[in-house]
Structures are given as C-alpha cells and as structure tokens.
Amino acid sequence: MFRRDIKSLAEILQQCLRQDGLETPLLQKRLIESWDKVAGYGISKYTGDKFIKNQTLFVKINNPSLRADLTMIHSRLVKSLNAEVGSNVIVDIKFY
C-alpha cells in the first residue's frame, strides 16, 4: 500500500496563498481592518486613511493632540496589531 500525505484544508489554502504571493496582502488587509478594534472607538472616530508601505502602517489622525498621544504608545499598538493578526506584518506606525 502507498502512504498518502493528508493535509487539512487550512494548510492547503495557506500553501496556495504563499505560492501565489497573496499571503502578505491578505495579512495587511486584516491588520488595517483590525485597527478600529485594537485602537478603540474613541480613537477610530478621529482616524482617516490607513495604508501599509514597507512594513510601516501610516494612519491619518485628524486631532493633533491625539496624534501626539498615540506617538507615545506606538510600540504598544504595533505589538497589539501584530498579535491580532497573528503574524509580524508591521514594524512601525507613522501618524500624519
């Protein structure tokens, strides 16, 4: 008899995403969507555009004092966002 290599559907999908180069964009999209949950409702009200470039999350903050406060805790936000996604997607956050 021959032995079959049995894999779960999740493993097969993950492998296909890696081969096609779609794993990173999917994780980036999940991270951007999780911003409201991690940052909270009060901060998300003052948040504008969000995008990722070169492993840096750029977030537009409409309130200057909130921008200064978030700059002080950006390392904690990076850890929380990466933990939410389950992978190291970003290494820094820039507020503008």
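Cut-offs used in this document
The numbers attached to residues start from 1 for each chain and follow its sequence in the written order. Totals for whole chains, interfaces and linings use every residue, but because this is a predicted model, local features are given only for residues with pLDDT of at least 70 and side-chain atom pairs only at 80 or more, for both listing and counting. Excluding hydrogens and water, the side-chain figures rest on all heavy atoms present in the structure. Only buried residues count toward a nonpolar core. Its members are Ala, Val, Leu, Ile, Met, Phe, Trp, Tyr and Cys residues joined through side-chain atoms within 4.5 Å. The buried label goes to any residue with under 20% of its type's maximum accessible area, the exposed label to any with over 50%, and the partly exposed label to all in between, with areas taken from a 1.4 Å probe on protein chains only. Think of it this way: any DSSP run of H or I at least four residues long counts as a helix, any run of E at least two long counts as a strand, and we number them from the N terminus. Paired strands are those between which DSSP finds at least two bridges. Interaxial angles span 0 to 180 degrees and are taken between N-to-C directions of axes, which are lines fitted to C-alpha atoms, for helices over the stretch in contact. A pair is scored as a salt bridge if a Lys or Arg side-chain nitrogen falls within 4 Å of a carboxyl oxygen belonging to Asp or Glu.

Student: Mind showing me how you'd approach the nonpolar core here?
Tutor: Note that soluble globular proteins tend to have their nonpolar side chains buried in a common cluster. By size, the foremost hydrophobic cluster in this structure holds 19 residues, and its most contacted members are Leu31, Trp35, Leu57, Ile90, Ile93 and Phe95. Elements with a contribution of two residues or more to this core: helix H2 (23-33), helix H3 (35-39), strand S2 (56-61), helix H5 (64-72), helix H6 (74-85) and strand S3 (92-95). No other element matches H6, which puts 4 residues into this core.

Student: It is not clear to me how the sheet that holds S3 should be interpreted in this structure. Could you clarify?
Tutor: Taken in spatial order, the 3 strands line up as S1-S2-S3 in an open sheet, and their pairing is mixed. Since the sheet does not close on itself, it has two edges, and those belong to strand S1 (47-53) and S3, each with one partner. Shown here is a sheet whose adjacent strand axes are inclined to one another by a mean of 20°, direction ignored. Pairing between S1 and S2: 5 bridges, direction antiparallel.

Student: In this structure, what is going on with the pattern of salt bridges? I would like to understand it.
Tutor: Here the idea is simple: oppositely charged side chains can pair when their charged atoms come close. By the definition in use, this model includes 4 salt bridges. When the shortest N-O distance is used, the salt bridge between Glu33 and Lys29 registers 2.6 Å. Taken as a pair, Glu33 and Lys29 lie in helix H2 at a separation of 4 residues, close to a single helical turn. The exposed category is assigned to Glu33, whose relative accessible area is 52%. Between Lys37 and Glu84 there is a salt bridge, with its nearest N and O atoms 3.0 Å apart.

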